[in-house]
Amino acid sequence: MRFLSFEQGGLARPGVLAGTDTVVDLSLLSCHSLLELIEGGDEWVAKAAKLLTSSPGDSRHKLADVKLLAPIPKPRKLICVGLNYRDHAAETNTPIPDVPTIFNKFATAVIGPGDSIVLPKVSKMPDYEAEFAFVIGKGGRHIKAEDWRQHIFGYTIVNDVTARDYQRATSQWLMGKTFDTFAPMGPWIVSADEIEDPHALDIQLEINGEIMQNSNTRELIFKIPDLVAFLSSVFTLEPGDIVSTGTPSGVGVARTPQRFLKANEIVTVRIPAVGELTNPTVAEA
């Protein structure tokens with residue numbers, strides 16, 4: 001199933017995609033957000049599946065008639081992994097790390113499909129990063145790597161937009177990563193049962209139709225079992241936490257000449273098994 005958040009009539013609601021062009025409103029289940037549904041576990045997922053075939057007509061909306069939001073607009077944690085593709089480490093002349101490089105983005109960075117990436121006035125090096133992300137279902141601490149599937153709700157797409165000049169100003173990456181609008185996410189969360197092997201997925205990013213990144217998640221250095229075990233050894237993973245697994249080669253800062261985001265461009269991240277995430281860019285007023 002494809003779970004999503006959408007806005008209609010000024011209200012944010014959880015939904016599930018029926019077919020390719022219909023959204024079923026899950027608020028009929030007295031479920032007020034996708035985060036609430038994830039917290040409800042298998043019972044709520046089963047209710048959503050049943051609603052797909054039995055929902056009344058007034059709970060169904062054309063996908064084209066609703067505004068998609070980020071699937072979880074205000075995640076408790078948005079955890080990111082740096083230098084996690086072998087091809088990206090090679091293009092940046094960075095040694096393969098022995099342990100995952102972890103940072104985070106604040107919830108104020110999250111935007112949904114179609115929302116504008118605002119290029120800040122204070123940065124001259126705004127860059128793009130196509131990323132495959134997983135969403136925690138059942139939380140926990142000290143999760144064993146071999147048990148990772150028990151803890152994954154589903155998968156989504158993140159564009160880890162980065163101000164390279166701010167990222168490189170200190171040894172800590174946070175400030176370059178968490179400008180407002182720097183975490184486009186969506187268009188939905190594909191349930192884990194729909195993707196048999198998340199480590200064999202094509203991933204691309206294009207700007208104005210030109211492909212800039214083109215790789216596969218098989219290039220991941222630390223795979224999902226490794227990340228679940230490592231992260232939960234330090235802190236509790238909670239339902240709805242999002243872990244963005246890193247970006248492949250082709251980022252703007254590593255190109256010759258360097259290629260940073262400019263205003264009035266269209267950026268699309270594509271993972272065929274998940275969907276497409278498209279956002280325009282605008283200059284900060």
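Residues numbered from 1 in each chain as written. Predicted model: local features only at pLDDT ≥ 70, side-chain atom pairs only at ≥ 80, totals over all residues. Heavy atoms only, no water.

Trainee: I keep staring at the side chain of D25 and nothing clicks. Help me out?
Mentor: Turning to its location among the elements, D25 is positioned in strand β3 (residues 22-25). At 2.9 Å, the side chain of D25 forms a polar contact with the side chain of R13. A distance of 2.6 Å separates a polar atom in the side chain of D25 from a polar atom in the side chain of S27. Setting aside residues up to four positions removed in sequence, D25 forms contacts with F6, R13, P14, L51, S59 and H61. (Helix = DSSP H or I, 4+ residues; strand = E, 2+ residues; numbered from the N terminus. Polar contact = N/O pair within 3.5 Å; in protein donor to acceptor, adjacent residues only side chain to side chain. Contact = heavy atoms within 4.5 Å.)

Trainee: How do you make sense of the sheet that holds strand β18 (residues 266-271) when you look at a structure like this?
Mentor: The strands that make up a sheet pair up through hydrogen bonds in the backbone, lying either parallel or antiparallel. Taken in spatial order, the 5 strands line up as β9-β19-β18-β15-β16 in an open sheet, and their pairing is mixed. Bordering the open sheet on either side are β9 (117-119) and β16 (210-216), each of which pairs with just one other strand. Averaged over all pairs of adjacent strands, the angle between strand axes in this sheet comes to 20 degrees, irrespective of strand direction. Of the strand pairs in this sheet, β9 and strand β19 (residues 275-283) are connected by 3 bridges, and their pairing is parallel. Within β19, the position partnered with L119 by the bridge is A283. (Pairing = 2+ DSSP bridges. Axes fitted to C-alpha atoms, helices over the stretch in contact; angles between N-to-C directions.)

Trainee: Explain the packing of aromatic side chains to me, please; I cannot follow it from the model alone.
Mentor: Think of a pair of aromatic rings as described by two things: how far the centres are apart, and how the planes are tilted against each other in angle. Summed over the entire model, instances satisfying the criterion amount to 5 aromatic pairs. Ring centres 5.3 Å apart and planes at 50 degrees place the aromatic pair F3 and F153 in the tilted group. Here F153 lies in strand β12 (residues 152-159) and F3 lies in strand β1 (residues 2-8), a separation of 150 residues in the sequence. You can call F153 buried: its relative accessible area is 10%. On the basis of an interplanar angle of 20 degrees and a centroid distance of 5.2 Å, the ring pair of F132 and Y155 is categorised as stacked. Placement of F132 in strand β11 (residues 130-136) and of Y155 in strand β12 is noted, with a sequence separation of 23 residues between them. Neither residue differs from the other here; F132 and Y155 are each classed as buried. (Phe/Tyr/Trp six-rings, centres within 6.5 Å; stacked < 30°, edge-to-face > 60°. Buried < 20%, exposed > 50% of the residue type's maximum accessible area, 1.4 Å probe, protein only.)

Trainee: I would appreciate a short explanation of the environment of S59 in the present structure.
Mentor: Along the chain, S59 turns up in the loop between α1 (34-54) and β4 (60-62). The exposure class of S59 is buried, given its relative accessible area of 3%. Remark: the alpha-carbon pair of S59 and A163, spanning 104 residues in sequence, is separated by 41 Å. Non-local contacts of S59, meaning those with residues more than four positions away in its chain, are made with V23, V24, D25 and L28. Here P56 takes part through its backbone oxygen, which lies 2.7 Å from a polar atom of the side chain of S59.

Trainee: For this particular structure, what's the right way to read α1?
Mentor: For the α-helix, the turn length of 3.6 residues means that residues three or four positions removed from each other point alike. Over its 21 residues, α1 runs only 20 Å from end to end, short of the ideal 30 Å by more than 12%, given 1.5 Å per residue. Maximum bend of α1: about 120 degrees, positioned at G41. Those residues of α1 lying buried are L34, L35, L37, I38, W44, A48 and L51. (Expected span 1.5 Å × (residues − 1). Bend = angle between axes of the 7 residues up to and from the residue.)

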